[in-house]
Amino acid sequence: VLSANDSLLCSFPVFVVPADTGEPIDARYATDTEVLIACNQNRHPSTAIKYTTAASNPMQIKIELLAALLKGKPVLVVIFSTDKKYSAFGRNVLAAVEMLDPGHKSRVKIFVHGWGNDGMFLMEAINCARAGKTIEEAIAVCSDIGNRTFGSLNFMTAATLQKLKALRPAMFGGIEIEDGQYRINGTPVGVRPNGIALGKRMPLFFNQLGMGDSMLDAFEKAAKDIKSGLESGQKLSTVMLQCTGRPDYGHLFLKKLEEAGIEIVGTPYVFSNGIFGVLNEWGSVNLIYKIVEE
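J.: Explanation requested: the pattern of salt bridges in the structure shown.
T.: Between side chains of opposite charge, a pair can form when the charged atoms approach closely. The final tally for this structure, using the stated rule, is 12 salt bridges. We note a salt bridge from Lys165 to Glu176, for which the minimum N-O separation is 3.0 Å. Placement of Lys165 in helix 7 (residues 158–167) and of Glu176 in the loop between helix 8 (169–172) and strand 7 (182–186) is noted, with a sequence separation of 11 residues between them. Judged by its relative accessible area of 61%, Glu176 falls in the exposed class. A cluster of three or more residues bridged by salt bridges with shared partners is formed by Asp26, Arg28 and Glu64.

J.: Whenever I open this one, a nonpolar patch on the surface confuses me. Can you help?
T.: Among the surface-exposed residues, Met59, Ile63 and Met99 lie close enough to one another that they form a single nonpolar patch of about 280 Å² accessible area. With respect to the helices and strands, Met99 occurs in the loop between helix 3 (89–98) and helix 4 (102–105).

J.: Got a minute to help me understand the packing of aromatic side chains in this structure?
T.: Any aromatic ring pair is given by two values, namely how distant the centres are and how the planes are angled relative to each other. Evaluation of the coordinates by the stated rule reveals 10 aromatic pairs. Look at Phe12 and Phe89: their rings are 5.9 Å apart centre to centre, the planes differ by 55°, and that puts the pair in the tilted class. On the criterion of sequence distance, the pair formed by Phe12 in the segment before strand 1 (14–18) and Phe89 in helix 3 is long-range, its members being 77 residues apart. With a centroid separation of 6.4 Å and 25° between ring planes, the pair formed by Phe150 and Phe205 is classed as stacked. Highlighted residues: Phe150 in strand 6 (residues 150–156) and Phe205 in the loop between strand 7 and strand 8 (208–212), separated in sequence by 55 residues. No difference in accessibility class separates Phe150 from Phe205, as the two residues are buried.

J.: Help me out: how do you make sense of the packing of helix 9 (residues 215–229) against helix 10 (residues 247–259) in this one?
T.: Relative placement of two packed helices is described by the angle separating their axes and the distance separating the axes. Here helix 9 crosses helix 10 at 40°, and the two axes come no closer than 9 Å. Relative to helix 10, the element helix 9 is oriented oblique. Handedness of the helix 9/helix 10 crossing: right-handed. Residues Met215, Leu216, Phe219, Glu220, Ala222, Ala223 and Ile226 of helix 9 form the contact with helix 10, whose participating residues are Tyr249, Leu252, Phe253, Lys256 and Leu257. In the contact of helix 9 with helix 10, the residues fall into 10 nonpolar, no polar and 2 charged.

J.: Could you clarify how one ought to interpret the side chain of Thr157 in this entry?
T.: As for its placement among the helices and strands, Thr157 is situated in the loop between strand 6 and helix 7. On the accessibility criterion, Thr157 (9% relative accessible area) is buried. A distance of 2.2 Å separates polar atoms of two side chains, one belonging to Thr157 and the other to Glu281. Leaving out residues up to four positions away in the same chain, Thr157 has contacts with Ile177, Gln181, Tyr182 and Glu281.

J.: Sorry if this is basic, but what is going on with the sheet that holds strand 1 here?
T.: Paired through backbone hydrogen bonds, the strands of a sheet run either parallel or antiparallel to each other. Pairing in this open sheet of 3 strands is antiparallel, and the strands run 2-1-3 from one edge to the other. The sheet terminates laterally at strand 2 (25–26) and strand 3 (51–55), the two strands that pair on one side only. Of the pairings in the sheet, the one linking strand 1 to strand 3 comprises 5 bridges and is antiparallel in character. When the sheet's bridge partners are listed, Phe15 is paired in strand 3 with Ala54.

J.: Just checking my understanding: could you explain the environment of Asn185 for this structure?
T.: Its location among the elements puts Asn185 in strand 7. On the basis of relative accessibility, which here comes to 0%, the residue Asn185 falls in the buried class. Considering only alpha carbons, one finds Asn185 and Val292, 107 residues apart in sequence, at a separation of 21 Å. When neighbours within four sequence positions are excluded, Asn185 is seen to be in contact with Ser152, Leu153, Asn154, Met156, Phe205, Phe206, Asn207, Gln208 and Leu209.

The rules behind each value
Residues numbered from 1 in each chain as written. Predicted model: local features only at pLDDT ≥ 70, side-chain atom pairs only at ≥ 80, totals over all residues. Heavy atoms only, no water. Salt bridge = Lys/Arg side-chain N within 4 Å of Asp/Glu carboxyl O. Helix = DSSP H or I, 4+ residues; strand = E, 2+ residues; numbered from the N terminus. Buried < 20%, exposed > 50% of the residue type's maximum accessible area, 1.4 Å probe, protein only. Patch = residues over 30% accessible without salt bridge, like charges linked within 9 Å, V, L, I, M, F, W, Y side chains within 5 Å. Areas by Shrake-Rupley, 256 points an atom, 1.4 Å probe, with all protein chains shown as cover. Phe/Tyr/Trp six-rings, centres within 6.5 Å; stacked < 30°, edge-to-face > 60°. Axes fitted to C-alpha atoms, helices over the stretch in contact; angles between N-to-C directions. Parallel < 35°, antiparallel > 145°, perpendicular 65-115°, else oblique. Left-handed = near helix turned anticlockwise from the far one by under 90°. Contact = heavy atoms within 4.5 Å. Nonpolar A, V, L, I, M, F, W, Y, C, P; charged D, E, K, R; others polar. Polar contact = N/O pair within 3.5 Å; in protein donor to acceptor, adjacent residues only side chain to side chain. Pairing = 2+ DSSP bridges.

Pasting the structure below:
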């Protein structure tokens, strides 16, 4: 997806920082081999390294914005939040735009979607660009998806929860999971006719939908939950399964969705979440999708 759209996409530095060296790793440039070594190392308590995240600063972001503007077209910046509770990244983007001269600043538009994953909105923006739509039209399309039809689902174990609590203790302090259980989290399935406020979106990423006694049990329950939440004629589209270390688990969950009778429009994307996998448990699977209405 990235290589096929290189002429349309630019990116900002985002870092993971290993505790043993303290040297930030730019997620954009970590190789597949480096990712596999780091994620595999973190499977074992005896070799695991604690990682934190770090956002790019306003000057680093400004440099990337200027490089994007050199392509001669207006720039759409997609960010998930400007709330400091979740990340400094969004606020740093706003600060970077303010640092631009008026001519450059007028050519940059910012879209804040409020959900924890940019993938869906980047894909939709790419489709709009290829269809010759304006940035304003692309924002309208993405806003409608974020308000009404975006959905997400993830599976959390005790090990995953421990990593998340270390990273964001204030967000996960009230959650407990027993060993061997798989907590099913995500957005309530269905189209939201009245939309949803930006501030209410991120908490739904970890809204409990159910509990499984094994990974397979959780996959089957999650697939049934999605199926039961869809109305007649509704389908899933822009299906994206983000995996840590085991893409075959993503394909297994995809198979369970199909076995539940869920119709998927287009080709699903099953992919590695890159170096950010060190923040998750080996084998974790996250799903995002949009609901297509008749």
